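Listed below, chain by chain, are the residues.
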Amino acid sequence: MPRPVVTELRLSAYAGRRSATYRLGPVTLFTGPSGSGKSTVLGAYEALARLGAGDPLAEVFPDPDAHVPESARPDAQGRRGFRIGCTVDGPVGPVRLDLAVQAEPRLRIVGERLTRHGRTLLTTALRDPGRASVQAAWLTAGATPVTRAPLPDDLLGTALLPLRVAGATEGQREVLAAAEQAVVGLRSLFPCAPEPSRMRAPVAPGEGRLLRDCANLAEVLHRTHTACPRRHQRLAAVAGAGCAGPVTGIGVRELPDGTVDALLARGARPATPLGRLGDGELRYLALALTLLTGPGILAMDRIAEVPDAMQCLTLLADDLDRGLDGRQCSALLGLTAAIAADGHIRLAGSVREGTAAEARRTPGVTVVDLTP
């Protein structure tokens, strides 16, 4: 059975993007000059993912005006906003989700549409500006064609449907299947932005789940060393492609103060603590670790009610090649393509033109060129 994955992003009116559609493959890299919108596209993806996870609109868009197109003029009621959407493919086929967000005079979702094969399953609309709710209608296909009820205007209605739809009719079951596919596809996202300056110091042991900035890399390596030896050995095998000198393994040590540290073993040479590695080496190790470990090692809200075999993790890596040299980029691209070919992990990121040229020569990698 295919796993739910986001296969398309639509920015019909979002920041500097208008009527833009981007197809997402197993590995999709955006490239272009500064100001071309690479971070904008990836930011829209993360925003949809957070809404799918149930985050309130104000937390997802703390500065909503920044996402309103500069050319957008307020209407007679002073309203301005933006539109984004996506397609999530999976067991029930392509499911489209489109949102209209009002940024001014008050942040709210004023329109949402969930469709499958051209059939509208859920639609919402703002009927009364004085109420903090929208009027929703979803397919019933029973004695009553549709069910109508108010939904909050600061939450994604699609994510609320499993709590509101009984599944008693064929139409309701279609709505549930489409909504659950959209939510699973969106929530299976882990933004990874390694910050070498935060990764050098030993860290206190904890639950061993990698943070977004990878500041607890040593702690996670300590966990994989003991709990996931096969994954740990595989990481050690690829570490040599991105770290200087011969690398024979990745070791861990517990320090007297209770913290843990990780070291690169270099054969007969003394082991090198992570704190002494270069920025590019640390970013390479962190990104390789996210590709090799899966959601159980990452600090993300796992969908416990959905078996792992039915989920596909997507890594979001803006500025993927920052600090990496050509050898490291080539090794990371090859690893990413090989991992994505298994169908369990996908990647969406942005790179500089030099890395994009290498990516175009890598089978299984799609490069999207953006212009300002």
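Everything numeric in this text was worked out from a predicted model, so none of it was measured. (Residues numbered from 1 in each chain as written. Predicted model: local features only at pLDDT ≥ 70, side-chain atom pairs only at ≥ 80, totals over all residues. Heavy atoms only, no water.)

A. Inspection of the overall build of the protein at higher detail. Per the secondary structure count, the protein includes 9 helices and 16 strands. For a compact globule of 372 residues, the expected C-alpha radius of gyration is about 21 Å, and the protein comes in at 22 Å, within 12% of that figure. Here the C-alpha coordinates of the protein stretch approximately 75 × 45 × 40 Å along the principal axes. Here the protein holds 372 residues, and 53% of them are scored as buried. Put simply, of all contacts in the protein between residues at least 6 apart along the chain, 59% involve residues at least 24 apart. (Helix = DSSP H or I, 4+ residues; strand = E, 2+ residues; numbered from the N terminus. Rg over C-alpha atoms; globule rule 2.2 N^0.38 Å. Buried < 20%, exposed > 50% of the residue type's maximum accessible area, 1.4 Å probe, protein only. Contact = heavy atoms within 4.5 Å.)

B. Inspection of the sheet that holds strand β16 (residues 366-369) at higher detail. Taken together, the 5 strands give an open sheet; going across it, the order is β10-β14-β15-β3-β16, and neighbouring strands pair in parallel fashion. Either end of the sheet is taken by a strand with one partner, and the two such strands are β10 (189-191) and β16. The mean inter-strand angle of the sheet, taken between neighbouring strand axes irrespective of direction, is 15°. By the bridge criterion, 4 bridges tie strand β3 (residues 27-31) to strand β15 (residues 345-350) in an arrangement that is parallel. Its bridge partner being in β15, Val27 is matched across the sheet by Leu347. (Pairing = 2+ DSSP bridges. Axes fitted to C-alpha atoms, helices over the stretch in contact; angles between N-to-C directions.)

C. Main features of the packing of helix α8 (residues 326-340) against helix α9 (residues 353-360). Interhelical geometry of α8 versus α9 gives an angle of 45° and a closest axis separation of 10 Å. By the angle class used here, α8 and α9 are oblique. The interaxial crossing formed by α8 with α9 has right-handed handedness. Within the contact between the two elements, α8 uses Cys329, Ser330 and Leu333 and α9 uses Thr355, Glu358 and Ala359. (Parallel < 35°, antiparallel > 145°, perpendicular 65-115°, else oblique. Left-handed = near helix turned anticlockwise from the far one by under 90°.)

D. Looking closely at the environment of Thr224. Along the chain, Thr224 turns up in helix α5 (residues 217-227). Put simply, Thr224 and Val183 are 41 residues apart on the chain and 29 Å apart in space, counted from C-alpha to C-alpha. Filtering out sequence-adjacent residues up to four positions away, Thr224 remains in contact with Pro229, His232, Leu289, Thr293 and Ile297. Side-chain polar atoms of Thr224 contact the backbone oxygen of Leu221, separated by 3.1 Å. (Polar contact = N/O pair within 3.5 Å; in protein donor to acceptor, adjacent residues only side chain to side chain.)

E. Fine view of the nonpolar core. One finds Leu9, Phe61 and Leu114 to be the most contacted residues of the largest nonpolar core, which totals 58 residues. Top element by residues in this core is helix α1 (residues 38-52). It accounts for 8 residues. If sequence neighbours within four positions are ignored, Phe61 has contacts with Tyr14, Ala47, Leu51, His67, Phe82, Ile84 and Leu107. Counting residues in each nonpolar core, the second largest holds 56 residues, with Ala218, Val247, Leu324 and Ile339 among its members. (Core = buried A, V, L, I, M, F, W, Y, C linked by side-chain atoms within 4.5 Å.)

F. Examining helix α3 (residues 157-164) more closely. Among all positions of α3, only Gly157, Thr158, Leu160 and Leu161 are buried. Angular distribution of buried residues about the axis of α3 spans 150°; they occupy a single face of the element. (Arc of directions from axis to C-beta.)

G. Quick peek at α5. The set of residues buried in α5 consists of Leu217, Ala218, Glu219, Val220, Leu221, His222 and Thr224. Its buried side turned inward, α5 meets α6 (229-239), β11 (249-254), β12 (260-266) and α7 (279-293).

H. Looking closely at empty space enclosed by the protein. Counted under the stated rule, the structure contains 2 cavities of 30 Å³ or more. Looking at the largest cavity, its volume works out to about 40 Å³. The wall of the largest cavity is formed by Val6, Leu24, Gly25, Pro26, Thr28, Tyr45, Thr314, Arg346, Leu347 and Ala348. Among the elements that make up the lining of the largest cavity, the one with the highest residue count is β15 (3 residues). For the lining of the largest cavity, a count of residues per class yields 6 nonpolar, 3 polar and 1 charged. Each pocket or cavity is described by its volume, and for the second largest cavity that value is around 40 Å³. What lines the second largest cavity is simply Leu287, Thr290, Leu291, Leu315, Ala317, Leu320, Thr336 and Leu347. If you list the elements that add at least two residues to the lining of the second largest cavity, you get α7 and β14 (313-317). Top contributing element to the lining of the second largest cavity by residue count: α7, with 3 residues. Of the residues in the lining of the second largest cavity, the class split is 6 nonpolar, 2 polar and no charged. (1 Å grid on protein atoms, 1.4 Å probe; cavity = no way out; pocket = protein on both sides within 12 Å on 5 of 7 lines; lining within 4 Å. Points joined across faces, edges and corners; volume = space filled by probe spheres on them. Nonpolar A, V, L, I, M, F, W, Y, C, P; charged D, E, K, R; others polar.)

I. Highlighting the environment of Ala299. Considering the arrangement of structural elements, one finds Ala299 in the loop between α7 and β14. The spatial distance from the C-alpha of Ala299 to the C-alpha of Ala356 is 29 Å, given a sequence separation of 57 residues.

J. Representation of the packing of α7 against α8 within the structure. The contact between α7 and α8 brings their axes to 10 Å, and the two run at 5°. Relative to α8, α7 is oriented roughly parallel. Judged by residue contacts, Gly280, Glu281, Tyr284, Leu287, Ala288, Leu291 and Leu292 of α7 engage Gln328, Ala331, Leu332, Leu335, Thr336 and Ile339 from α8.

Take it as geometry only, folks, not as evidence of what the structure does.
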